[in-house]
Amino acid sequence: MTAAEPTCEQRTVEDLELIAKDCRREIVRMVKRANAGHPGGSLSVIDLLVGLYGNTLRVTTENPTHPDRDRVILSKGHASPAMYSALHAFGFIEEADLHTYRVFNGVCQGHVDSKWTPGVDFSGGSLGMGLSFGLGIALSGKMDEKNHFTWVILGDGECQEGEIWEAAMATIHHKVENLTVIVDVNGIQNDDFVDQQMVMGDLAAKWAAFGWKIKEIDGHDMAEICAAINWSKEAVGPCVIMARTTKGKGVSFMENNPSFHGKAPNDEEFEQAMEELA
Amino acid sequence: MTLAASRDGYGAALLELADDDRIVVLEADLGKSTKSCLFRAEYPNRTFSMGIAEQNMMLVAAGMASTGKIPFASTFAIFTERGFEQVRNGIARPNLKVHLCGSHGGIHTGTDGSSAQSIEDLAIYRTLPNMTVMHPCDDLSTKALTKALVEHANPSYTRTARNKTKRIYSEVQAESLEIGKFSIIREGEDVAILACGVMVSEAIDAADKLASEGVKATVVDVHTIKPFDHESMTSLAIKCGAIVSAEDHSIIGGLGGAVAESLAANHPTPLEQVGVQDVFGMSGQPDELMEHFGLTMSDIVDAAHKAVARRTT
């Protein structure tokens, strides 16, 4: 028996919005210090992460690997600055750890890595794998009649990976319900806009055709995020929350700009970003 | 003489392990071939069909392992390679204890032809940090070594063979095998033949033939390619001064590659490699193919003579 059981402290939407704002500043600072990283997709996903950690996720910082904890699988593992800023905001890592992002031997590796960072459940960095991993956790939980829940965050570009659809099929086949997918639909991938790289068509309809329940939301509206998360926990059957987001959200020159998928701001851009996020 | 296929040992091991409820089995539509079907028949609630989707199978197994399960996932050796990067990034890198079994390894697989005959699996899995790589030679040693994986600290890849070959070990002998330790089957001081999988019985026959020609051969079953038993390798190099490797696998990067690396680093010694000479296979009966690709007892005998002739001491 461990000292602390996984729980989630409920927070107001206003509180979560303030936390998300702090996280946005930390994301930009991390990328600036490292002079590398992925600001765009971190800024698009951060509200979703804050919504999860601050509203629903049953975890304990005293024992980040508690067997009964809920899991967050950040399959788009390059959005690690978002994860690290959330883990800091919710007490898993120290502010000093944020300064190790992409630094030699640092707690905060370039891509999320369960071997290096307390609170990280999945070693990402290679797209397409997180849903399968989350499915494995969910199947274990189902087998052992545990009530832990698994959240898998995918990118829309990431849905070009075939393994996503292998896992989408298998989740339905095995009647897994203790798992929800959130797709961060920011419309941009590494090289360009998603539909320039590979036309995705009606992504929600594709998930629905595989048998998943769908809810489409504004992925920057904290009230909608919390409502969708709660909906998916109550719903019967695996759910996909299609979260429409803006890549680079909160920093005007990064917003919807493919060049800030994987690039740090220069000094002038950094100053402007911090002013906009003040 | 009993004939048996090593894949049967995998299925038997899963059944014997079943009392441990951490054991889960994953299949990719080849359970009847890899013999995980034996576990499925008895324990359907702990057997998971992943369909013909190997990449997903690798990461589902990894996710299960992250919760404390001990997953055994199998398909054909060649199809495990479909998910190689999943094994690399999703299993080996986080060191999650997933045990992969690739059946139907090697040219010996036979009439299915080149698409099914993995001749590179041992090489590619050997390059991954944390991975243990095994290729046992008969059903009983496969069973014993598979059972030993439950207490093993790392993920693993085990190649089994489709077709029957001579059983090498008794049940008791097989139980004494240790992951990562050479199994010396016979001793002789003129040349050491290191073999794995279906080539072990060929190596034993070769040693008989060599004895009749006045050459005393040590025969080693290298059931574990990684971690490689460097200490035993060096002792044999010092003792025999001539080495032959024999594998139903490319001469690049597998058992022969591991032997070459070990010798070069620790005790440079003449080495002759019996294996697939950097070519793909084709259809045919196993014995026809083994002869065509130079994987027979007499190929080992020839290699032994060459190695002895190159001996410097």
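As the structure is a prediction and not an experimental result, all values here were calculated from the model.

Re the sheet that holds strand β3 (residues 47–49) of chain B
Strand pairing in a sheet takes place through backbone hydrogen bonds and is either antiparallel or parallel in direction.
Residues and elements named next belong to chain B.
Now for step 1: The 7 strands lie next to each other as β3-β2-β4-β5-β7-β6-β12, forming an open sheet whose pairing is mixed. Every interior strand has two partners, whereas the edge strands, β3 and β12 (224–226), have only one. Each neighbouring strand pair of the sheet contributes to a mean axis angle of 20°, computed without reference to strand direction.
Now for step 2: Along the sheet, helix α1 (residues 6–17) contacts β2 (23–27), β4 (70–76) and β5 (99–103); its crossing angle with β4, the most-contacted strand, is approximately 160°.

Points about the sheet that holds strand β4 (residues 213–218) of chain A
Residue and element names in this part refer to chain A.
Now for step 1: Sheet architecture is open: 5 strands sit in the order β1-β2-β3-β5-β4, paired in parallel fashion. At either end of the open sheet lies a strand with only one pairing partner, and these are β1 (71–74) and β4. Strand-to-strand twist of the sheet, defined as the mean angle between neighbouring strand axes without regard to direction, takes the value 20°.
Now for step 2: Two strands pair when backbone bridges link them, and β1 and strand β2 (residues 150–155) are joined in this way by 4 bridges, in the parallel orientation. When the sheet's bridge partners are listed, Leu 74 is paired in β2 with Ile 153.
Now for step 3: Contacts between helix α9 (residues 222–234) and the sheet are confined to β2, β3 (179–185), β4 and β5 (239–244), with β4 contributing the most and set at about 170° to the helix.

A few points about empty space enclosed by the protein
Now for step 1: Using the criterion set out here, one finds 2 cavities of 30 Å³ or more in the structure.
Now for step 2: Each pocket or cavity is described by its volume, and for the largest cavity that value is around 50 Å³.
Now for step 3: Lining the largest cavity are A:Tyr53, A:Leu57, A:Val59, A:Pro64, A:Arg69, A:Asp70, A:Val72, A:Phe92, A:Gly119 and A:Asp121.
Now for step 4: Tallied by class, the residues present in the lining of the largest cavity amount to 6 nonpolar, 1 polar and 3 charged.
Now for step 5: In this structure, the second largest cavity encloses a volume near 40 Å³.
Now for step 6: Lining the second largest cavity, in full, are B:Ala4, B:Ala5, B:Ser6, B:His135, B:Pro136, B:Cys137, B:Ala161, B:Asn163, B:Thr165, B:Gly197 and B:Val198.
Now for step 7: Of the residues in the lining of the second largest cavity, the class split is 6 nonpolar, 5 polar and no charged.

With respect to the interface of chain B and chain A
Now for step 1: Taken together, the contacts link 26 residues of chain B with 24 residues of chain A.
Now for step 2: Of the roughly 1900 Å² buried between chain B and chain A on both sides combined, carbon and sulfur atoms contribute 60%.
Now for step 3: The largest contributions to the chain B side of the interface with chain A come from B:Asn56, B:Leu59 and B:Arg93, which together make up 26% of the buried area.
Now for step 4: At the junction of chain B with chain A, the criterion picks out 2 salt bridges.
Now for step 5: With its nearest N and O atoms 2.7 Å apart, the salt bridge here joins A:Asp144 to B:Lys69.
Now for step 6: Seen at the junction of chain B and chain A, the total is 10 residue pairs in polar contact (both at pLDDT 80 or more).
Now for step 7: For the side of chain B that touches chain A, the secondary-structure elements that each account for two or more residues are β3, α4 (54–66) and α6 (84–92) of chain B.

Thoughts on the packing of helix α5 (residues 130–143) of chain A against helix α6 (residues 162–173) of chain A
What describes two packed helices is the angle between their axes and the distance between those same axes.
Residue and element names in this part refer to chain A.
Now for step 1: Between α5 and α6, the least distance of the axes is 8 Å, while the angle of their chain directions is 25°. Between α5 and α6, the angle falls in the class roughly parallel. The hand of the α5/α6 crossing is left-handed. Across the interface between the two elements, Leu 131, Ser 132 and Leu 135 from α5 touch Glu 163, Ile 164, Ala 167, Ala 168, Ala 170 and Thr 171 from α6.

Describing the side chain of A:Asn186
All names here are of chain A.
Now for step 1: Following the sequence through the fold, Asn 186 ends up in the loop between β3 and α7 (194–197).
Now for step 2: The exposure class assigned to Asn 186 is buried, which follows from its relative accessible area of 6%.
Now for step 3: Of the polar contacts made by the side chain of Asn 186, one reaches the side chain of Ser 44; its length is 3.0 Å.

Here we look at the domain arrangement of chain B
Residues and elements named next belong to chain B.
Now for step 1: Along its sequence, chain B is organised into domain 1 (3–166) and domain 2 (183–309).
Now for step 2: Just the C-alpha atoms count here: the centres of domain 1 and domain 2 sit 25 Å apart.
Now for step 3: Summing the contributions of domain 1 and of domain 2, the shared interface buries around 2500 Å²; its carbon and sulfur component is 60%.
Now for step 4: For the interface between domain 1 and domain 2, the tally reads 2 salt bridges.
Now for step 5: In this structure, Lys 166 and Asp 205 form a salt bridge, with 2.8 Å as the shortest nitrogen-oxygen distance.
Now for step 6: Secondary structure elements with two or more residues in the side of domain 1 that touches domain 2: α7 (121–126), β6 (132–134) and β8 (165–166).

Looking at helix α10 (residues 267–276) of chain A
Since the α-helix turns once every 3.6 residues, residues separated by three or four places project in the same direction.
Residue and element names in this part refer to chain A.
Now for step 1: Inspection of α10 places Phe 270, Ala 273 and Met 274 among the buried residues, and these make up the whole buried set. End-on view of α10: buried residues confined to an arc of 95°, all on one side of the axis. In α10, those exposed residues whose orientation departs by more than 90 degrees from the buried face are Glu 268 and Glu 275.
Now for step 2: Near the N-terminus of α10, the side chain that reaches the backbone nitrogen of Glu 268, with its oxygen 3.2 Å away, is that of Asn 266.

Calculation rules
Residues numbered from 1 in each chain as written. Chains lettered and ligands numbered in written order. Predicted model: local features only at pLDDT ≥ 70, side-chain atom pairs only at ≥ 80, totals over all residues. Heavy atoms only, no water. Pairing = 2+ DSSP bridges. Helix = DSSP H or I, 4+ residues; strand = E, 2+ residues; numbered from the N terminus. Axes fitted to C-alpha atoms, helices over the stretch in contact; angles between N-to-C directions. Contact = heavy atoms within 4.5 Å. 1 Å grid on protein atoms, 1.4 Å probe; cavity = no way out; pocket = protein on both sides within 12 Å on 5 of 7 lines; lining within 4 Å. Points joined across faces, edges and corners; volume = space filled by probe spheres on them. Nonpolar A, V, L, I, M, F, W, Y, C, P; charged D, E, K, R; others polar. Buried area = accessible area lost by both parts, 1.4 Å probe. Salt bridge = Lys/Arg side-chain N within 4 Å of Asp/Glu carboxyl O. Polar contact = N/O pair within 3.5 Å; in protein donor to acceptor, adjacent residues only side chain to side chain. Parallel < 35°, antiparallel > 145°, perpendicular 65-115°, else oblique. Left-handed = near helix turned anticlockwise from the far one by under 90°. Buried < 20%, exposed > 50% of the residue type's maximum accessible area, 1.4 Å probe, protein only. Domains from an automatic or database assignment. Arc of directions from axis to C-beta.

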